[in-house]
Amino acid sequence: MAFNDSQRFFPDTRMRRMRAESFSRRLMQENVLTPSDLIYPVFVIEGKGETETVASMPGVERMSIDLLVKEAKALAALGVPAMALFPVTPPSAKSEFAEEAYNPDGLAQRAVMAIKDACPEMGVITDVALDPFTTHGQDGIIDENGYVLNDRTVETLIQQAHSHAAAGADVVAPSDMMDGRIGAIREVLEEQNFVNTLIMAYSAKYASAYYGPFRDAVGSSGNLGQSNKFSYQMDPANSDEALHEVGLDLAEGADMVMVKPGMPYLDIVRRVKDEFKVPTFAYQVSGEYAMHMAAFQNGWLDEKSVMLESLLAFKRAGADGILTYFAKRTAQLLND
């Protein structure tokens, strides 16, 4: 009997044979999710024994430093290698020029010191950006027309990154999307002998509508108002531009690169990994989390299976690590 090209390997080859039993499915699994793939973003507030719920992010709480230390120990016991810190700056500490960003006794700096003192094995990643500290909610210093000034902003970012390194941060993560900031920060870190401080560059950070709940969590949405970040974050329509940005950041001294948001931009993760073959990370951002939680709470999706599937998709796309608000719950599941 003659077979056409689409039939000639059947029945000799039956793709379902390997799917028939659990043992063979496990043997051929191409990607595996482990706690070591996860980074837990956390929001830190002033006070002691203090928590605040984030209405748009069910299950996420802002925590004071003492509670964050306990959280770090719990995460370390679960095998989660790193936390990403995001400070919630009191309105009284915000200013036009974001001086609080590089205060050596600032909230983020004190949080870093406390976590590293109590749980030295926990990797601490700090956000290098000015939006939590500016009265206008932009990630940089603005001119009289509201335009973010690139080089003036980089001067402040250098001071912020240096203060984080001095506090003991393992990784500084510029998320501002200013041109040239990676090279400028790397130069200062070298000069000040912070030669092993890693830089995780938010290289492909898009001007996304998925960030809303995060801005609520850090208290910057009210300051930003009706303004936007289109002049420095990337256009969601662009893909080749992301590779250009990644290449520049690597040339300037980035150790790792980030794609943000995550699931809607997994094509960018794959392109970056294939092109550069460097440590590549992705952020399952607040809007993604909020959508999942809404579906879980309404009974529309199964929490455990969808949570794990969504994170496995990042691994399949080429991400070496995933920033996700599901990190703690996922690690607990994977440890059971």
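Note that this is a predicted model, so its numbers are computed, not measured. (Residues numbered from 1 in each chain as written. Predicted model: local features only at pLDDT ≥ 70, side-chain atom pairs only at ≥ 80, totals over all residues. Heavy atoms only, no water.)

Visitor: How should I be thinking about the overall build of the chain in this particular structure?
Guide: Secondary structure summary: the chain contains twelve helices and ten strands in total. For 336 residues, the compact-globule formula gives about 20 Å, and the C-alpha radius of gyration of the chain, at 21 Å, lands near that figure. By its C-alpha atoms, the chain is 80 × 40 × 40 Å across when sized along the principal axes. Evaluated residue by residue, the chain yields a buried proportion of 51% over its 336 residues. Counting only carbon and sulfur atoms, one obtains 51% of the accessible surface of the chain, whose full area is about 15,500 Å². If the 30 positive side-chain charges of the chain are averaged to one point and the 47 negative ones to another, these points end up 11 Å apart. (Helix = DSSP H or I, 4+ residues; strand = E, 2+ residues; numbered from the N terminus. Rg over C-alpha atoms; globule rule 2.2 N^0.38 Å. Buried < 20%, exposed > 50% of the residue type's maximum accessible area, 1.4 Å probe, protein only. Areas by Shrake-Rupley, 256 points an atom, 1.4 Å probe, with all protein chains shown as cover. Lys, Arg positive; Asp, Glu negative; His and termini not counted. Charge placed at Lys NZ, Arg CZ, Asp CG, Glu CD.)

Visitor: Explanation requested: the pairing of strand β4 (residues 82–87) in the structure shown.
Guide: Consecutive side chains of a regular strand alternate in pointing toward one face of the sheet and then the other. When you tally the buried positions in β4, you get six out of six residues, the bulk of the element. On β4, burial covers both faces: A82, A84 and F86 on one face and M83, L85 and P87 on the other are all buried. As defined by bridge partners, strand β1 (residues 38–45) adjoins β4 across six bridges and the pair is classed as parallel. Within the sheet, the bridge partner assigned to Y40 lies in β4 and is M83. As judged from the four bridges shared by β4 and strand β5 (residues 123–128), these two strands associate in the parallel manner. Residue M83 lies in a different strand from β5, and its bridge partner there is V124. The β-α-β motif built from β4, the intervening helix α3 (residues 107–118) and the parallel element β5 has right-handed crossover chirality. (Pairing = 2+ DSSP bridges. Right-handed = clockwise from strand over helix to strand, strands pointing away.)

Visitor: Looking at this structure, I do not really get the packing of helix α4 (residues 150–167) against helix α5 (residues 181–191). What am I missing?
Guide: Between α4 and α5, whose axes approach to 9 Å, the crossing angle comes to 45 degrees. It follows that α4 is oblique to α5 by the angle criterion. Viewed along their axes, α4 and α5 form a crossing whose handedness is right-handed. In this structure, α4 contributes V154, L157, I158, A161, H162 and A165 to the contact, and α5 contributes R181, A184, I185, V188 and L189. Grouping the amino acids of the contact of α4 with α5 by side-chain chemistry returns nine nonpolar, one polar and one charged. (Axes fitted to C-alpha atoms, helices over the stretch in contact; angles between N-to-C directions. Parallel < 35°, antiparallel > 145°, perpendicular 65-115°, else oblique. Left-handed = near helix turned anticlockwise from the far one by under 90°. Contact = heavy atoms within 4.5 Å. Nonpolar A, V, L, I, M, F, W, Y, C, P; charged D, E, K, R; others polar.)

Visitor: What should I look at first to understand unusual backbone geometry in this one?
Guide: Trans is the prevailing form of peptide bonds, just as negative phi is the prevailing case for residues other than glycine. A cis amide bond links F10 with the next residue in sequence, P11, at an omega value of 15 degrees. Along the chain, P11 falls in the segment before α1 (22–27). The step from K260 to P261 runs through a cis peptide bond, and the omega angle for that step is -5 degrees. Note on placement: P261 falls in the loop between β8 (256–260) and α9 (266–276). In this model, N193 sits at a positive phi of 70 degrees, which is unusual for a non-glycine residue. Looking at the element boundaries, N193 is found in the loop between α5 and β7 (198–205). The class for N193 is exposed, based on a relative accessible area of 61%.

Visitor: Just checking my understanding: could you explain the nonpolar core for this structure?
Guide: Grouped burial of nonpolar side chains is what soluble globular proteins tend to show. In this structure, F43, I115, M200 and Y283 are the most contacted members of the largest nonpolar core, which totals 81 residues. Sequence-distant contacts of Y283, defined by excluding residues within four places in its chain, comprise P41, F86, Y202, F214, M258, V259, K260, P261, G262, E288, L323 and Y325. A98, I185, L189 and Y232 belong to the second largest nonpolar core, which has 24 residues in total. (Core = buried A, V, L, I, M, F, W, Y, C linked by side-chain atoms within 4.5 Å.)

Visitor: Help me understand the packing of aromatic side chains in this model?
Guide: Aromatic ring pairs are described here by two measures, namely the spacing of the ring centres and the angle between the planes. Inspection of every chain in the model, using the stated rule, returns ten aromatic pairs. Ring geometry for F86 versus F214: centroids 5.1 Å apart, planes at 85 degrees, classification edge-to-face. Placement of F86 in strand β4 and of F214 in helix α6 (residues 212–218) is noted, with a sequence separation of 128 residues between them. A single burial state applies to F86 and to F214, both of which are buried. (Phe/Tyr/Trp six-rings, centres within 6.5 Å; stacked < 30°, edge-to-face > 60°.)

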